[in-house]
Amino acid sequence: MIIAKVIGTVVSTRKNSNLIGSKFMIVEPLPVMQSDIKRLVAVDQAGAGIGDYVLVSVGSAARMLSGSEAASIDAAIVGVIDSPDEIVVKE
Amino acid sequence: MIIAKVIGTVVSTRKNSNLIGSKFMIVEPLPVMQSDIKRLVAVDQAGAGIGDYVLVSVGSAARMLSGSEAASIDAAIVGVIDSPDEIVVKE
Amino acid sequence: MIIAKVIGTVVSTRKNSNLIGSKFMIVEPLPVMQSDIKRLVAVDQAGAGIGDYVLVSVGSAARMLSGSEAASIDAAIVGVIDSPDEIVVKE
Amino acid sequence: MIIAKVIGTVVSTRKNSNLIGSKFMIVEPLPVMQSDIKRLVAVDQAGAGIGDYVLVSVGSAARMLSGSEAASIDAAIVGVIDSPDEIVVKE
Amino acid sequence: MIIAKVIGTVVSTRKNSNLIGSKFMIVEPLPVMQSDIKRLVAVDQAGAGIGDYVLVSVGSAARMLSGSEAASIDAAIVGVIDSPDEIVVKE
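Nothing here was measured: the structure is a model prediction, and the numbers come from that model. (Residues numbered from 1 in each chain as written. Chains lettered and ligands numbered in written order. Predicted model: local features only at pLDDT ≥ 70, side-chain atom pairs only at ≥ 80, totals over all residues. Heavy atoms only, no water.)

Trainee: Help me out: how do you make sense of the overall build of chain A in this one?
Mentor: Across its full length, chain A holds zero helices and seven strands. Taken from N to C terminus, the helices and strands of chain A fall in the order β-β-β-β-β-β-β. Relative to the compact-globule value of 12 Å for 91 residues, chain A shows a C-alpha radius of gyration of 13 Å, a close match. When its C-alpha atoms are laid out on the principal axes, chain A stretches across 45 × 25 × 25 Å. Put simply, chain A has 91 residues, and 56% of those count as buried. Counting only contacts in chain A whose residues sit at least 6 apart along the sequence, the fraction spanning at least 24 positions is 52%. As displayed, chain A has an accessible area near 3300 Å², and 54% of this comes from carbon and sulfur atoms. (Helix = DSSP H or I, 4+ residues; strand = E, 2+ residues; numbered from the N terminus. Rg over C-alpha atoms; globule rule 2.2 N^0.38 Å. Buried < 20%, exposed > 50% of the residue type's maximum accessible area, 1.4 Å probe, protein only. Contact = heavy atoms within 4.5 Å. Areas by Shrake-Rupley, 256 points an atom, 1.4 Å probe, with all protein chains shown as cover.)

Structure (C-alpha cells):
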C-alpha cells in the first residue's frame, strides 16, 4: 500500500455497469512513498474525504472488499489515517 | 485508475482469437497522473472516441467486464469523463 | 498493452516444464509507449517475426490464450500490427 | 521480492473490515533493490520489527498467507533476514 | 520476462511457512532490459547458479510452477540461458 492524500474527485457518468455507485477520488502519494506515480484515481472503500491521508491498495487487492469483486478497478482507498502524526518513522 | 486522453487507434488483424472485436485505442495519461507511463494501448469498454478523457484500468481489472474475462488484455477504458471540468482538484 | 518492435530472440533449454515449446522474443517498446521499460522478453502467441510491430500484454493477461493458462509467463505478444502506418494518432 | 528495511509504522482505525488486525509497517527498499519505489506500506506476516531487514512481496503474492486471502493488501513482509551480512553478492 | 544475471543469494530463516525450501537469489536485470528495476530477489525454479543468465518472471507468473501455487512469491527464475551468446538481437 502507499500513503496518499485525497486531493480531488472525478465524475464519470458513462462507464462500465460494474462501476455504478463507485466514488472516484484523486489521490496523491506522499513524496516519500513512490517516485514514479504522481497521482491516480482510487475508488473509495473507507469513507474518505478530501484532505484525508489514506492507505491505497493497487492491483487485484482493490477488489477484495465484499461487493467489489467484479468491479473494473485497479486502485482503492482501503483505510483512512486519522492524522499524519500517526505515521511513525524511525530512521 | 488513471485519467488519460484518447489520442489514436491501432489495428491488428493477426491476433489472439480472444481479441476479435476488440477496439484498440491509444491513450495518453494526463501529465499529473503518472510520470513513468507515456502512452499505452487500452481496449475500449465504454464507447470512447478520440479526444475523450477517460478512466483507464490496468492489470486484471481490465478483464472484469462481462465477456472480457478470457481476453488477453491488460488495459481497458472503463469510463468516459464528460469534460475535463469534472476533474475537481483541491490542493 | 504496449506497441513494441520484435528485435531478437533468446533460447533457454533448461526451464520450467510449463514453458516447453514457448518462443521467447525480445521486444522493444516504441519510445512513446513506456518510458520505464526498455526491452523485455515476451512469449509469441501471434506468429510474430523479427522486425514486426506487435501488441504486448503483460501480467496475467499473458496467460489468457488457451493452453498458456499454467505457463510461467508474464508477457506475451498477443497481436501483430501489419504496418506502423496503422498506428493512427491525432494529437 | 525486494529487500527492505522496516523504518516505521502507521495506524489506521477506519479501514476495510478485512484489514482488522493487520500490522502496517513502512518499509524502505535497499537503494540497490529498486530505483522507482521509495517507501511503501507492507503488512507484517513474519513478525518483523523496526530496523529489521525483510523480504517484501508485492501484488497478489501478498495474499498467499493462510488467512490473508481476502485482505485488501498489495504488499507484505514475508520473511525476515537475520542480518544484512546474510545478503551475499558476488559481482 | 526479463533477462537477468544471478549475482547473489540471501537467507531468511524466519519466514512464511509457504516459503520453506525456497532458494532466494539476487538477480540483476541486463541494463537494456529494464531501467527502473535495479536488483530483485527471485525464487529459483530452474536450478540456476551464481553467474548464470536467467529468465525472470514477475507477478502471479512466479507461482505457476507445480508446488508453488500458494507461495508468497512475486518473482521467480523460470529458465536458464546457457550463454549470453544465445541472446540474439537484430536492430
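From this point on, the discussion continues.
Trainee: Honestly, the relation of the copies chain C and chain B in this entry has me stumped. Any pointers?
Mentor: One copy of the chain maps onto the second through a rotation around an axis plus a translation along that axis. Mapping chain C onto chain B calls for a rotation angle of 72° and an axial translation of 0.0 Å; the resulting RMSD is 0.0 Å. On the angle and the small slide along the axis, the relation comes out as a five-fold axis. Looking at the interface residues of chain C, only 9% of them are also at the interface in chain B, so each copy uses its own face. (Least-squares fit on C-alpha atoms with pLDDT ≥ 70 in both.)

Trainee: How should the interface of chain C and chain B be read in this particular structure?
Mentor: When the parts of a complex come together, some accessible area is lost, and that lost area is often taken as the interface size. In this assembly, 33 residues from chain C lie in contact with 32 residues from chain B. Between chain C and chain B the total buried area reaches about 2600 Å² when both faces are included, carbon and sulfur atoms providing 50% of it. Our count for the contact surface shared by chain C and chain B stands at zero salt bridges. Joining chain C to chain B, the criterion identifies 13 residue pairs in polar contact (both at pLDDT 80 or more). Elements represented by at least two residues in the side of chain C that touches chain B include exactly strand 5 (53-58), strand 6 (75-81) and strand 7 (87-89) of chain C. Across the side of chain C that touches chain B, the residue classes tally to 20 nonpolar, seven polar and six charged. Relative to strand 7 of chain C, strand 1 (residues 2-10) of chain B runs antiparallel, the two sharing three bridges. Each residue of the ladder has a partner; that of Thr9(B), found in strand 7 of chain C, is Val88(C). (Buried area = accessible area lost by both parts, 1.4 Å probe. Salt bridge = Lys/Arg side-chain N within 4 Å of Asp/Glu carboxyl O. Polar contact = N/O pair within 3.5 Å; in protein donor to acceptor, adjacent residues only side chain to side chain. Nonpolar A, V, L, I, M, F, W, Y, C, P; charged D, E, K, R; others polar. Pairing = 2+ DSSP bridges.)

Trainee: What exactly am I supposed to notice about the pattern of salt bridges here?
Mentor: Oppositely charged side chains can pair when the atoms bearing their charge come close. With the rule as written, the count across this model stands at ten salt bridges over all chains. When the shortest N-O distance is used, the salt bridge between Asp44(C) and Lys23(C) registers 3.4 Å. Placement of Asp44(C) in strand 4 (residues 40-44) and of Lys23(C) in the loop between strand 2 (14-15) and strand 3 (24-29) is noted, with a sequence separation of 21 residues between them. Taking relative accessible area as the criterion, Asp44(C) reaches 14% and is therefore assigned buried. Residue classification places Lys23(C) among the partly exposed residues on the basis of a relative accessible area of 42%. Residue Arg39(E) is joined to Glu28(E) by a salt bridge in which the shortest nitrogen-to-oxygen separation is 2.7 Å. On the criterion of sequence distance, the pair formed by Arg39(E) in the loop between strand 3 (24-29) and strand 4 (40-44) and Glu28(E) in strand 3 is long-range, its members being eleven residues apart.

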